[in-house]
Amino acid sequence: MARQPPVRDVAPIVQKLRVRYAKRGRLRFTSHRDIQRALERALRRAGVPMAYSAGFTPHPKISYAGAAAMGSASEAEYLEISVTERLSPDRVRASLDAALPPGLDVIEVVEAAPGALADLLQASEWQIELPDVSAGQAAEAVAALMAETEVEVERMMKSGPRRFDAREPIVRLAADSGTTASGAPCAILRTVVRHATPAVRPDDILTALRQVAGLTPPVPPMVTRLAQGPIDPESGTVADPLAADRASVGDAVAADPHPR
Amino acid sequence: MSAVKAESVFPRLEALLPLVQKPIQYVGGELNAVSKEWESTTVRWALMYPDAYEIGVPNQGVQILYEVLNEQPDVLAERTYSVWSDLEALMREHGVPQFTVDAHRPVGAFDVLGLSFSTELGYTNMLTALDLAGIPLHASDRSDEHPIVLAGGHAAFNPEPISAFIDAAVLGDGEQVALEITGLIRDFKAEGSPGGREQLLMRLAQTGGVYVPAFYDVEYLPDGRIKRVVPNRPGVPWRVSKHTVTDLDAWPYPKKPLVPLAESVHERASVEIFRGCTRGCRFCQAGMITRPVRERSITGIGEMVEQALQATGFEEVGLLSLSSADHSEIKEVAKGLADRYEGTNTSLSLPSTRVDAFNIDLANELSRSGRRSGLTFAPEGGSERIRRVINKMVTEEDLIRTVTTAYGAGWRQVKLYFMCGLPTETDDDVLQIATLAREVIKTGREVAGRKDIRCTVSIGGFVPKPHTPFQWAAQLDHETTDARLAKLRNNIRDDRQYGKAIGFRYHDGKPGIVEGLLSRGDRRVSAVIEAVWRDGGRFDGWSEHFSFERWMRCAEQALADKPVDVDWYTTREREFSEVLPWDHLDSGLDKDWLWEDWQDSLNDVEVEDCRWTPCFDCGVCPQMGTDIEIGPTGKQLLPLTAIGAGVETLRA
């Protein structure tokens, strides 16, 4: 007699909700797995009627899309959850936000329109603070990098070192001056990067800047993802990936879609 | 009191975090963590579990004290854990002190640094923390501005090996005594700290429930044995007693378990369903020093389980105790909880080690509402004879009947725990483990009607512990332990019919020798610990960091001018008349009774459990003024509505 997975009433999915959340401050040191666990627990505490997979070890149905790497803060992380009852996206936003630790903050919840969320997340806009680097130094390095058509960088992946072009996916890159959270002057890079395989991350851009122009920040930079979404080819800007969902449902109210 | 500023070191630490492994373990911010203003409190505790965050954060002892202390409006408790060597090096380079994960305050700024030692292998980590905190390693070098370094936990029942480094130790349950100590410090500070550190320690010692090693002198005989241990100033009691919480329902902690962001070794909430155990296994220090049995009521358990799930969102609750199936109303508890959480994807687990079929019924019941965890049994000894020696009253028929039920009920794998190196043990006793495992697989294949069932044998070396009947026993040397384990492994591996179905996991004998040295050591062992730490010893509980060679080399140097060595502490059998290093620390157990039980053990005589037979005079209840506190209460679980009930507030 083979052991069968227990027969459970697997409640059908009646609604999909898309969630935009932020990873702020010291919680930028969470890994993607840390966030997954925190989210699953918060969904349970918030009483969200999740749809579960069948089988020996049922899992709540959550799809994560393009999570920012450990160490990077983000104002624009996205995921989609499947639930077994029709819920008010706004109430889910409030109760999920309350159930998550401060620093993992739910910004918006909308009912999903047809289509895959991952397809909409075509590019990211990043801000990179470089303490103890002058805006002039940074601007020079940026100009040198943008003048190239291809800059190969190497990064250690799980499978070993891998070389790839970090220049081509960069849509925009500009340097400016600013101040850090503690008030010290710093250079600030703003960039829009198309999602490619492998994904070009802010640290790859910094590697490219070092290779091309010798820019070596003396302290670890502070990286924040500002936006993620479809790319507008004309302006080179990143659009709101939830715009279509909002339009198709019409009743979702964003709490604060652009907190900066 | 302290000269160290209490301001957060986080801005300085933050710059180092991108450079280390798993930085999330150092940032705090756990769900249910407490933050308080420094200035609004008068007594401040830094609580440390001296191991990595992932091991330390689920520790129940620390979580309980953290909550009990923080419930007092004028008391602050924050947590600190061992930092890994990558961060340790950076902290030294940048002058960042040992910090708490709650508000990242320097540990040196607190009134008390309380360390919880579940195991002796955390001793070197304590030294790292003291050193990083700027607290002198030696208690004798500390002054009024330094925190009181206080040890607790099971290892504190013999704190002599760390007596040079701690100011005080507390034996037994911490809830009440932590509040008593807090009260003493509160009054002392309100009076303007008269007489400084020495007087505060004196007030603590005079309670009879706090051990201050500096207030006792140890004299030795020429052959190295202890001559006597005597108080060295008036007003200090000859013996220090352990603490016992009698009504568990009055202490329903933790109410809000911590939920870390980082992954930890126990991803679940835990509810302690009783404390103490009188099964009488002679090797088991936990069972001996936590007597008598005190149960939490069925209603108390039900409330704590629901509260923990609501507060955490964990998918699993463990019903903890030393032998959970022994709770007088466990059947009602299991059925009640299984009914309540049916269909909520919530698992309930019973870390059960009792070998009987009733356990399988319980496991079946508990796995109804969630995932099915493995089944683990601990026969501990391979032969009937050795099980009588250790008073583990399990027959081979019991074990076979139990696994038959398990495989028949659809379980595919069982884990069996054993020990190697038990007193009077021979190769044959250990080789019988292989016979037992073969019998388990054979029976399992018959009842399950299939061949893919498995059994895992897990075995480690036995370490004699203080306050047990085996405290006089000779520990088996690591060479013999390893040789015996190798014979067992070969015996299992060479079996063509069943060998592939039997998994074999073992721990080699070397770490056990160091654990043995630290468990039954005396004050002279402090020098060994310090030498090992100075030589780079850290995280001794981790096989990849543990160095046997270093411990032996440092022990040889540190004990060179003494008539004792590692063998003297470990593989030497003691006589009844010998003064043991922990004789002045009162666990309630009568030393004569322990000796009789040791003699009974050598004669294969078993002792029953006093919960269902007459008292056999172990001494604890009269000595400590306690009593067995067990049900049945005849009460029912409250019909609480299970988690997920808040959904109506979310509906569209």
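Residue numbers run consecutively from 1 along every chain, following the written order of its sequence. Numbering of ligands from 1 and lettering of chains from A proceed in the order in which they are written. Local features in a predicted model are, by the rule used here, given only for residues with pLDDT of at least 70; side-chain atom pairs are given and counted only at 80 or more, and totals for whole chains, interfaces and linings are based on all residues.

1. Describing the overall build of chain A
Here is step 1: Scanning chain A for helices and strands turns up six helices and twelve strands.
Here is step 2: Overall size of chain A, expressed as C-alpha extent along the three principal axes, is 65 × 45 × 35 Å.
Here is step 3: A buried classification covers 41% of the 260 residues belonging to chain A.
Here is step 4: Sequence separation of 24 or more characterises 74% of the internal contacts of chain A that already satisfy a separation of 6 or more. Secondary structure follows DSSP: runs of H or I at least 4 residues long count as helices, runs of E at least 2 residues long count as strands, and numbering of each begins at the N terminus. Whether a residue is buried, exposed or partly exposed is read from the other C-beta atoms within 10 Å of its own C-beta, which are placed from the backbone; 20 or more gives buried, 12 or fewer gives exposed, and intermediate counts give partly exposed. Contact criterion: two residues are in contact if their C-beta atoms, reconstructed from the backbone, are within 7 Å.

2. Thoughts on the overall build of chain B
Here is step 1: From N to C terminus, chain B includes 21 helices and 18 strands.
Here is step 2: Here the C-alpha radius of gyration of chain B, 25 Å, is about what a compact globule of 652 residues would show, namely 26 Å.
Here is step 3: With respect to the three principal axes, the spread of C-alpha positions in chain B is 80 × 75 × 50 Å.
Here is step 4: Counting the 652 residues in chain B, one finds 52% classified as buried.
Here is step 5: Counted over contacts in chain B with a minimum sequence separation of 6, partners at least 24 positions apart contribute 79%. Only the C-alpha atoms count toward the radius of gyration. The rule for a globule is 2.2 Å times the residue count to the power 0.38.

3. Comments concerning the sheet that holds strand β9 (residues 269-272) of chain B
Strand pairing in a sheet relies on backbone hydrogen bonds, with the paired strands running either antiparallel or parallel.
Residues and elements named next belong to chain B.
Here is step 1: Across the sheet, which stays open at both edges, the three strands sit in the order β9-β12-β13 with parallel pairing between neighbours. Only two strands of the sheet have a single neighbouring strand rather than two, namely β9 and β13 (347-349). Taken pair by pair, the neighbouring strands of this sheet meet at an average axis angle of 20°, ignoring direction.
Here is step 2: In short, DSSP must find at least two bridges between two strands for them to pair. The sheet contact formed by β9 and strand β12 (residues 316-320) spans four bridges and is parallel. Residue pairing across strands places Val-271 opposite Leu-319, the latter belonging to β12. Axis lines are fitted to C-alpha atoms, over the contacting stretch for helices. Their N-to-C directions set the angle, which ranges from 0 to 180 degrees.

4. Comments concerning the environment of Arg450(B)
All names here are of chain B.
Here is step 1: With respect to the element layout, Arg-450 can be found in the loop between α14 (427-448) and β16 (454-461).
Here is step 2: With 13 C-beta atoms packed within 10 Å, Arg-450 lands in the partly exposed category.
Here is step 3: Sequence-wise, Arg-450 and Pro-563 are 113 residues apart; in three dimensions their C-alpha atoms are separated by 60 Å.

5. Concerning α14(B)
All names here are of chain B.
Here is step 1: Taking 1.5 Å of rise per residue, 22 residues should cover 32 Å, and α14 covers 32 Å from first to last C-alpha, within 8% of that figure.
Here is step 2: Of the residues making up α14, those classed as buried are Asp-429, Val-430, Gln-432, Ile-433, Ala-434, Leu-436, Ala-437, Val-440, Ile-441, Gly-444 and Ala-448.
Here is step 3: Where α14 is buried, its residues meet α12 (384-389), α13 (396-408), β15 (413-420), β16, α15 (478-493) and β17 (502-506). The length a helix should cover is 1.5 Å for every residue beyond the first.

6. Some remarks on the interface of chain A and chain B
Here is step 1: Every contact between the two is made by 33 residues of chain A and, on the other side, 31 residues of chain B.
Here is step 2: When residues of the side of chain A that touches chain B are traced back to their parent elements, those giving at least two are α1 (32-45) and α2 (89-99) of chain A.
Here is step 3: If you tally residues by element for the side of chain A that touches chain B, the top one is α1(A), at seven residues.
Here is step 4: Charged means Asp, Glu, Lys or Arg here, nonpolar means Ala, Val, Leu, Ile, Met, Phe, Trp, Tyr, Cys or Pro, and polar covers whatever is left, Gly included. Of the residues that constitute the side of chain A that touches chain B, the class distribution is 14 nonpolar, nine polar and ten charged.

7. Quick notes on unusual backbone geometry
Here is step 1: Between Thr197(A) and the following residue, Pro198(A), the backbone shows a cis peptide bond with an omega angle of -5°.
Here is step 2: Along the chain, Pro198(A) turns up in the loop between β9 (185-194) and α5 (202-213).
Here is step 3: Going from Gly631(B) to Pro632(B), the amide bond is cis rather than trans, its omega being 0°.
Here is step 4: Positive phi, close to 55°, is recorded for Asn345(B), a residue that is not glycine.
Here is step 5: Position of Asn345(B) among the secondary structure elements: in the loop between α10 (330-341) and β13.
Here is step 6: For Asn345(B), a count of 20 C-beta atoms within 10 Å gives the class buried.
Here is step 7: Non-glycine residue Asp604(B) carries a positive phi angle of around 60°.
Here is step 8: Considering the arrangement of structural elements, one finds Asp604(B) in the loop between α20 (591-602) and α21 (620-624).

8. Brief notes about the sheet that holds β16(B)
Residue and element names in this part refer to chain B.
Here is step 1: Sheet architecture is open: four strands sit in the order β14-β15-β16-β17, paired in parallel fashion. Either end of the sheet is taken by a strand with one partner, and the two such strands are β14 (375-380) and β17. Taking each pair of neighbouring strands and ignoring which way they run, the sheet shows an average axis angle of 20°.
Here is step 2: Relative to β16, β15 runs parallel, the two being bridged by eight bridges. Within β16, the residue paired with Val-414 across the bridge is Cys-455.
Here is step 3: Of the strands in this sheet, β15, β16 and β17 are in contact with α14, which crosses β16 at around 160°.

9. Focus on the environment of Asp97(A)
All names here are of chain A.
Here is step 1: Along the chain, Asp-97 falls in helix α2.
Here is step 2: Remark: the alpha-carbon pair of Asp-97 and Ala-42, spanning 55 residues in sequence, is separated by 8.4 Å.
Here is step 3: Those residues in contact with Asp-97 that lie beyond four places of it in its chain are Asp-105 and Val-106.

10. Notes on α13(B)
All names here are of chain B.
Here is step 1: The terminal C-alpha atoms of α13, which comprises 13 residues, lie 18 Å apart, in line with the 18 Å expected from a rise of 1.5 Å per residue.
Here is step 2: Turning to α13, its buried residues number three or more, namely Leu-399, Thr-402, Val-403, Ala-406 and Tyr-407. Within α13, the buried residues cover an arc of 125° as seen down the axis, which keeps them to one side.
Here is step 3: Once α13 finishes, Gly-410 follows within two positions and takes phi at roughly 100°, a positive value. By arc we mean the arc of the directions from the helix axis to the C-beta atoms, nothing more.

11. Observations regarding the nonpolar core
Here is step 1: Only buried Ala, Val, Leu, Ile, Met, Phe, Trp, Tyr and Cys residues enter a nonpolar core, and they are joined through C-beta atoms within 7 Å. The biggest cluster of nonpolar side chains holds 213 residues, and the ones touching the most others in it are Leu150(B), Ala168(B) and Ala437(B).
Here is step 2: No other element matches the eight residues that α14(B) contributes to this core.
Here is step 3: Setting aside its immediate chain neighbours within four residues, Leu150(B) contacts Val112(B), Leu113(B), Gly114(B), Ile166(B), Asp167(B), Ala168(B), Ala169(B) and Val170(B).
Here is step 4: Grouped together as the second largest cluster of nonpolar side chains are 34 residues, Ala73(A), Leu145(A), Ile205(A) and Ile231(A) included.

12. Quick look at the pairing of β16(B)
Residues and elements named next belong to chain B.
Here is step 1: On β16, burial follows the alternation: Cys-455, Val-457, Ile-459 and Gly-461 on one face are buried, whereas Arg-454, Thr-456, Ser-458 and Gly-460 on the facing-out side are not.
Here is step 2: Consider the strands pointing away from the viewer: the crossover is right-handed when the path from the first strand over the helix to the second runs clockwise. A crossover links β15 with its parallel partner β16, the connecting element being α14, and its sense is right-handed.
Here is step 3: In this structure, β16 lies alongside β17, joined through five bridges in parallel fashion. Bridged to Cys-455 within β17 is Ile-502.
Here is step 4: In this fold, the crossover linking β16 to β17 by way of α15 has right-handed handedness.

13. A short note on the packing of helix α17 (residues 526-534) of chain B against helix α18 (residues 548-558) of chain B
Residue and element names in this part refer to chain B.
Here is step 1: At their nearest, the axes of α17 and α18 sit 8 Å apart, and the two run at 130° to each other. In terms of orientation, α17 lies oblique with respect to α18. For the pair α17 and α18, the crossing hand works out as right-handed. Within the contact between the two elements, α17 uses Ala-527, Val-528, Ala-531 and Val-532 and α18 uses Arg-550, Trp-551, Cys-554, Ala-555, Gln-557 and Ala-558.
Here is step 2: Class assignment for the residues of the contact of α17 with α18 results in eight nonpolar, one polar and one charged. Angles are sorted into four bins: roughly parallel if under 35 degrees, roughly antiparallel if over 145, roughly perpendicular if 65 to 115, and oblique for all others. Crossings are classed by handedness, with left-handed meaning an anticlockwise turn of the near helix from the far one by less than a right angle and right-handed meaning a clockwise turn.

14. Some details on the confidence of the model for chain A
Here is step 1: The predictor's confidence in any single residue is recorded as pLDDT, a number from 0 to 100. Confidence in the prediction for chain A averages 90 pLDDT; 92% of positions are at 70 or higher.
Here is step 2: Here residues 251-260 of chain A is a poorly scored stretch, pLDDT under 50, and it has 17 contacts once near neighbours within four places are set aside; other chains count.

15. Digging into the confidence of the model for chain B
Here is step 1: Across chain B, pLDDT averages 94, with 97% of residues at or above 70.
Here is step 2: Across the predicted assembly, pTM comes out at 0.93 and ipTM at 0.86.

16. Brief notes about the packing of helix α6 (residues 175-190) of chain B against helix α7 (residues 196-206) of chain B
All names here are of chain B.
Here is step 1: Following both chains from N to C, one finds α6 and α7 inclined at 145°, their axes separated by 10 Å at the closest point. Considering only the axes of α6 and α7, their crossing is right-handed. Residues Ile-181, Leu-184, Ile-185 and Phe-188 of α6 touch α7, and the partners they reach there are Leu-200, Arg-203 and Leu-204.
Here is step 2: Residue composition of the contact of α6 with α7, grouped by class: six nonpolar, no polar and one charged.

17. Side note on the environment of Asp90(A)
Here is step 1: Here Asp90(A) lies in helix α2.
Here is step 2: In this structure the C-alpha to C-alpha distance between Asp90(A) and Val109(A), which are 19 residues apart in sequence, comes to 6.3 Å.

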